[in-house]
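What follows is the residue order along each chain.
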Amino acid sequence: MSKRINKNIDDALFNFYLVADKDTISDLLAEDLDMALYEKKKKNLRFKLKAEANKQKYESLLKAAAQFEEAILKGVDKPIAILKQIIYRNPSLALYSKLDKLSKEDIMEIIKDGNLVDILNQLESKE
Amino acid sequence: MTLDEALISVDMDDIIDRMTAYAISYFKYTGIKQLNGLEPVDFVADVLMKVIAGVRDWQNANCSFEEFLFGSLRSHLYNFNKGNKHVFVDDEPEVSDNNRDYEFEDQKNMVLAQLVELGADNCEIDVFKCWLDNMYKPAEIAEQLNVDVSTINNAKKRLVRKLQNLRTKIPDIL
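What counts and how
Residues numbered from 1 in each chain as written. Chains lettered and ligands numbered in written order. Predicted model: local features only at pLDDT ≥ 70, side-chain atom pairs only at ≥ 80, totals over all residues. Heavy atoms only, no water. Contact = heavy atoms within 4.5 Å. Buried area = accessible area lost by both parts, 1.4 Å probe. Salt bridge = Lys/Arg side-chain N within 4 Å of Asp/Glu carboxyl O. Polar contact = N/O pair within 3.5 Å; in protein donor to acceptor, adjacent residues only side chain to side chain. Helix = DSSP H or I, 4+ residues; strand = E, 2+ residues; numbered from the N terminus. Core = buried A, V, L, I, M, F, W, Y, C linked by side-chain atoms within 4.5 Å. Buried < 20%, exposed > 50% of the residue type's maximum accessible area, 1.4 Å probe, protein only. Phe/Tyr/Trp six-rings, centres within 6.5 Å; stacked < 30°, edge-to-face > 60°.

### Thoughts on the interface of chain B and chain A
Right, on to step 1. Chain B puts 58 residues into the contact, and the matching count from chain A is 43 residues.
Right, on to step 2. Carbon and sulfur atoms make up 64% of the area that chain B and chain A hide from each other, which totals about 4,900 Å².
Right, on to step 3. Here chain B is connected to chain A by eleven salt bridges.
Right, on to step 4. A salt bridge links Asp13 of chain B to Lys42 of chain A, with the nearest nitrogen and oxygen atoms 3.4 Å apart.
Right, on to step 5. Linking chain B with chain A are 17 residue pairs in polar contact (both at pLDDT 80 or more), by the criterion used here.
Right, on to step 6. Contributions of two or more residues to the side of chain B that touches chain A are made by α1 (3-9), α2 (12-30), α3 (40-52), α4 (65-83), α5 (97-117), α6 (122-132) and α8 (149-169) of chain B.

### Details of the nonpolar core
Right, on to step 1. Judged by nonpolar contacts, the single largest core of 72 residues is most densely connected at Tyr17 of chain A together with Phe65, Phe128 and Trp131 of chain B.
Right, on to step 2. Top contributing element to this core by residue count: α2 of chain B, with eleven residues.
Right, on to step 3. In this structure Phe128 of chain B touches Ile9 of chain A together with Val111, Leu112, Leu115, Leu159 and Leu163 of chain B, once residues within four positions along its chain are discounted.
Right, on to step 4. In this structure, Ala65, Phe68, Leu93 and Ile110 of chain A belong to the second largest nonpolar core, which totals 22 residues.

### Focus on the packing of aromatic side chains
Residue and element names in this part refer to chain B.
Right, on to step 1. Tallying each qualifying case throughout the model produces twelve aromatic pairs over all chains.
Right, on to step 2. With centroids separated by 5.9 Å and ring planes inclined at 80°, the aromatic side chains of Phe27 and Phe80 adopt a geometry described as edge-to-face. Here Phe27, found in helix α2, pairs with Phe80, found in helix α4; they are 53 residues apart in sequence, far enough to count as distant. For the pair shown, Phe27 and Phe80 are each scored as buried.
Right, on to step 3. Here Phe43 and Phe80 contribute two aromatic rings whose centre-to-centre distance is 4.9 Å and whose plane-to-plane angle is 80°, an arrangement assigned as edge-to-face. Linking Phe43 in helix α3 with Phe80 in helix α4, this pair joins segments that are 37 residues apart in sequence.

This is the structure in structure tokens:
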């Protein structure tokens, strides 16, 4: 058994499918699958992926909002500065300028369109 | 780029198709027929759900989103392969570099002969030789063989189909 040849073939297949065009892939899939069944599974998968992505986003949003809320209550400067900066950058968020009046839902509204991973990283590195 | 942005920026339908085709091809090439009741697309689903849930962390990876997805699938397939003991044999006898080169040339010639028997034309054989020299990019191969990229891509499509059956034809070599 040649590990070297197997590895070359394995790499070649990997690189082929990484960039293969749609027509080629459609032909190859049709040779092996019941396409009606496959399309049904794919639709179900896309739905689950979207649901999971929304769930992940909501959890990140909740986590960040809770951290900001706590920072406002305790008067921790750096998270407050981050939140003020987000509000300052977006004029449509001007109505949220009084931080001590903000509910968790308000904070979620302020940060929902931001890069939540970035915001959470900033919050964690500032703590 | 965040995961959200990456998900929006890619054609997820196309990626699922390519990943599924890769999984099918991998199982055919390795000869794995028992998938424990799963289908190739289920392996793709498992990987994608883990990436989205952050179990497989793309944010800290040093590659494009698509490369990360394919790399994760490859790793998932290897692990399944290991679990089913279809792994490539690790206990090859120790041989000198000269003998190893000689052995490789010998095996390479047998594989090439088998490809010819399966109907591979000169262009497919040349592309396969490039792969054995670790050259995989169509543009590089086209330059090496002095033909256009579309010729290489067409040869690759034909070759991939033949490769899927190759291992079962010469199990002692591959």
